[in-house]
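# Structure assessment
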Amino acid sequence: MADLLVTGGAGFIGANFVRYWRAAHPNDRVIVLDALTYAGNPASLEGDDGRPVSTLIHGDICTPGLAESLLREHRIDTVVHFAAESHVDRSIHGPDAFLETNVRGTHELLKAARAAWLDGAWTGGPVRFHHVSTDEVYGSLEPDDRPFQETSPYAPNSPYAATKAASDHLVRAYHHTYGLPVTTSNCSNNYGPYQFPEKLIPLSLVNALGGKPMPIYGDGMNVRDWLYVGDHCRAIDRVLSDGRVGAVYSVGGRNEWTNIAVVRLLCRLLDGAFGADAGLAARFPDAPPARGRQTSTLITFVRDRPGHDRRYAIDADRIGLELGFRPSESFETGLERTVAWYLANERWWRAVMDGSYREWTERQYGATAG
Ligand code: NAD
Ligand code: TYD
């Protein structure tokens, strides 16, 4: 039995991870620490009965002493660190919050783990600090380059990627210098339920349902390697169970798509869903298929993101060979599940889009970080 502290557990991947973990390891205790920024939504942690699937502590990883007291009070033996500012576009317009949370916040957590676990007073069993990171730390690939792997040189291009790279280095240094038992996973782009509609797939989906443009940056030929979020959660589980302490694991879907191809596939899936369910036209009257048009008519090319990385791809051989991890969803099945989830969970994304989730969160949890 393990006692987990999941930072950023009210965000997209963190919430999926908590839900996954509760189902896969029902005897473990899971506590979420989340600052409830715009990206944190307690509704993502509600079970089918409307009750929270885990304890949620509203707090900032940057607060000195907070994580250490939680580790001690709850006898946490496993930290799974998701909390981050995660959106590249926001990092371009306001990098400071990224430095604060991704670099200083990660360092506060590392200090907390070192103090709670390595000072001689820890009487529990084995401990682990797992750091969740991104393939973006490796920069951009040319079309014929080999995919990124664990030994690829760091070359972060956006403020987001640079701060994640810094956090990776701090995690590594705490292992090397102090012997903190750490693992790190660098994963490619995720998609699936509970993703905030500012990222490509949920934004395109929600805009299409409202008959709004689906913006494609630049020429739409940038390539990402997409992984269903549930597969990412399973990969982290494999690393926590059997990963080598101190090791880094690249996680990806062997699933490279240009952005325009992703959005076209999404359009086809939506057209198909409206064709199969006449009720959708009544629920979403502004969506093109409700008006006899194809969803792809909404695709709109817009000005490119500054410094836009051309291609990401992951060589996931190490986690496959050492830990037996393989993605279970193909892109088609994963996207179908994602479309079905957004169609079935309109209340969740409407509250995000109209901002009412913020008022609800502040009523329940007090003032939030914004
Ligand atoms: P997200 O933006 O959806 O969620 C981040 C969560 O962290 C939110 O709940 C937010 O409230 C919380 N948070 C932010 N600042 C905090 C602070 N100072 N203290 C406590 N909590 C704070 O992000 P995500 O997409 O779920 O990504 C989770 C992690 O996975 C990040 O570390 C990200 O770098 C990494 N990652 C994401 C992807 C992806 O495709 N989304 C891919 C690879 C790696
Ligand atoms: P995003 O979901 O922001 O993830 P990341 O930047 O971390 O890869 O974007 C995925 C790709 O989609 C990226 O190449 C930028 C592009 N994109 C668009 O073309 N239009 C959009 O509206 C968004 C949000 C992203």
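The residue count restarts for each chain, going from 1 along the sequence in the order it is written. Following the order in which they are written, the chains are lettered starting with A and the ligands numbered starting with 1. Thresholds applied to this predicted model are a pLDDT of at least 70 for local features of residues and 80 or more for the giving and counting of side-chain atom pairs; totals over whole chains, interfaces and linings are not thresholded and use all residues. The side-chain numbers reported here are obtained from all heavy atoms of the structure, hydrogens and water having been left aside.

Quick look at empty space enclosed by the protein now. The definitions used throughout rest on a 1 Å grid laid over the protein atoms alone, on which a cavity is an enclosed set of points accommodating a 1.4 Å probe that cannot get out and a pocket is an open set flanked by protein within 12 Å on both sides along at least five of seven lines; lining residues are those having an atom within 4 Å of a point. Grid points are joined across faces, edges and corners, and a volume is the space filled by probe spheres set on the points. Considering all chains together, one arrives at one cavity of 30 Å³ or more under this definition. Taken together, A10, G11, F12, A39, N41, S44, Y194, Q195, F196, W348, V352 and Y357 form the lining of the largest cavity. For this classification, Asp, Glu, Lys and Arg are treated as charged, while Ala, Val, Leu, Ile, Met, Phe, Trp, Tyr, Cys and Pro are nonpolar and the rest, including Gly, are polar. Class assignment of the residues belonging to the lining of the largest cavity gives a composition of eight nonpolar, four polar and no charged.

This part is about the site of ligand 1. Taken together, the neighbourhood of ligand 1 is formed by 29 residues, with I13, D34, S86, Y160 and K164 sitting nearest. Between an oxygen atom of ligand 1 and a main-chain N or O atom of T37, the distance comes to 3.1 Å. In this structure, a nitrogen atom belonging to ligand 1 sits 2.8 Å away from a side-chain N or O atom of D60. Its free accessible area being 840 Å², ligand 1 has 97% of it covered by the protein chains. A run of H or I in DSSP becomes a helix once it reaches four residues, and a run of E becomes a strand once it reaches two; helices and strands are each numbered from the N terminus. Among the elements that line the shell around ligand 1, the one with the most residues is strand 5 (residues 128-134), at three residues. For the shell around ligand 1, the per-class residue count stands at 13 nonpolar, 12 polar and four charged. We call a residue near a given molecule or strand whenever any one of its heavy atoms falls within 4 Å of it. Under the rule applied, a polar contact is a pair of N or O atoms within 3.5 Å (in protein, one hydrogen donor and one hydrogen acceptor; residues adjacent in sequence only if both atoms are side-chain atoms). Each accessible area is a Shrake-Rupley estimate made with a 1.4 Å probe; only the visible protein chains count as cover when residues are assessed.

A few words now on the nonpolar core. Where a protein is soluble and globular, its nonpolar side chains tend to be buried together. By convention a nonpolar core is built from buried Ala, Val, Leu, Ile, Met, Phe, Trp, Tyr and Cys residues, the set being connected through side-chain atoms within 4.5 Å. Under the scheme applied here, a residue whose accessible area is under 20% of the maximum for its type counts as buried, over 50% as exposed, and between as partly exposed, the area being computed with a 1.4 Å probe on protein chains only. I201, F284, F331 and L335 are the most contacted members of the largest nonpolar core, which has 39 residues in total. Residue assignment for this core shows that the elements contributing at least two residues are helix 6 (200-209), strand 8 (214-217), helix 8 (259-276), helix 11 (331-344) and helix 12 (346-353). Considering every element that reaches this core, the biggest residue donor is helix 8, with 10 residues. For F331, the contacting residues outside a window of four places in its chain are Y191, I201, W226, N255, W257, V262 and L265. Core analysis: the next-biggest nonpolar cluster, separate from the first, contains 25 residues, I57, L110, A112 and Y174 among them. Residues count as neighbours in contact if any of their non-hydrogen atoms are within 4.5 Å of one another.

Close to ligand 2 lie 17 residues; E136, P215, R224, R305 and H308 are nearest. One of the side-chain nitrogen or oxygen atoms of E136 is found 2.5 Å away from an oxygen atom of ligand 2. At a separation of 2.9 Å, an oxygen atom of ligand 2 approaches a polar side-chain atom of N189. If ligand 2 stood free it would expose 510 Å²; the protein chains cover 96% of that surface. For the shell around ligand 2, the elements supplying multiple residues, two or more each, are helix 6 and strand 8. If one sorts the elements of the shell around ligand 2 by residue count, strand 8 sits on top with three residues. Of the residues that constitute the shell around ligand 2, the class distribution is seven nonpolar, five polar and five charged.

Where helix 8 meets helix 11, the closest approach of the two axes is 10 Å, and the angle between their N-to-C directions is 55 degrees. When the axes of helix 8 and helix 11 are compared, the pair comes out oblique. When you trace helix 8 past helix 11, the crossing you get is right-handed. Listed contacts from helix 11 to V262, L265, L266, L269, L270 and A273 of helix 8 are F331, L335, E336, V339 and L343. Its residues assigned to classes, the contact of helix 8 with helix 11 shows 10 nonpolar, no polar and one charged. Axis definition: a line fitted to C-alpha atoms, limited for helices to the stretch in contact. Angles are taken between N-to-C directions and run from 0 to 180 degrees. Throughout this description, any angle smaller than 35 degrees is read as roughly parallel, any larger than 145 degrees as roughly antiparallel, any in the 65 to 115 degree range as roughly perpendicular, and the remainder as oblique. Take the far helix as your reference; a near helix turned counterclockwise from it by less than a right angle gives a left-handed crossing, and one turned clockwise gives a right-handed crossing.

Examined against the element boundaries, R264 turns out to sit in helix 8. The exposure class assigned to R264 is partly exposed, which follows from its relative accessible area of 39%. With 31 residues separating them along the chain, R264 and T295 place their C-alpha atoms 8.6 Å apart. Apart from the residues within four sequence positions on either side, R264 is in contact with S296 and I299.

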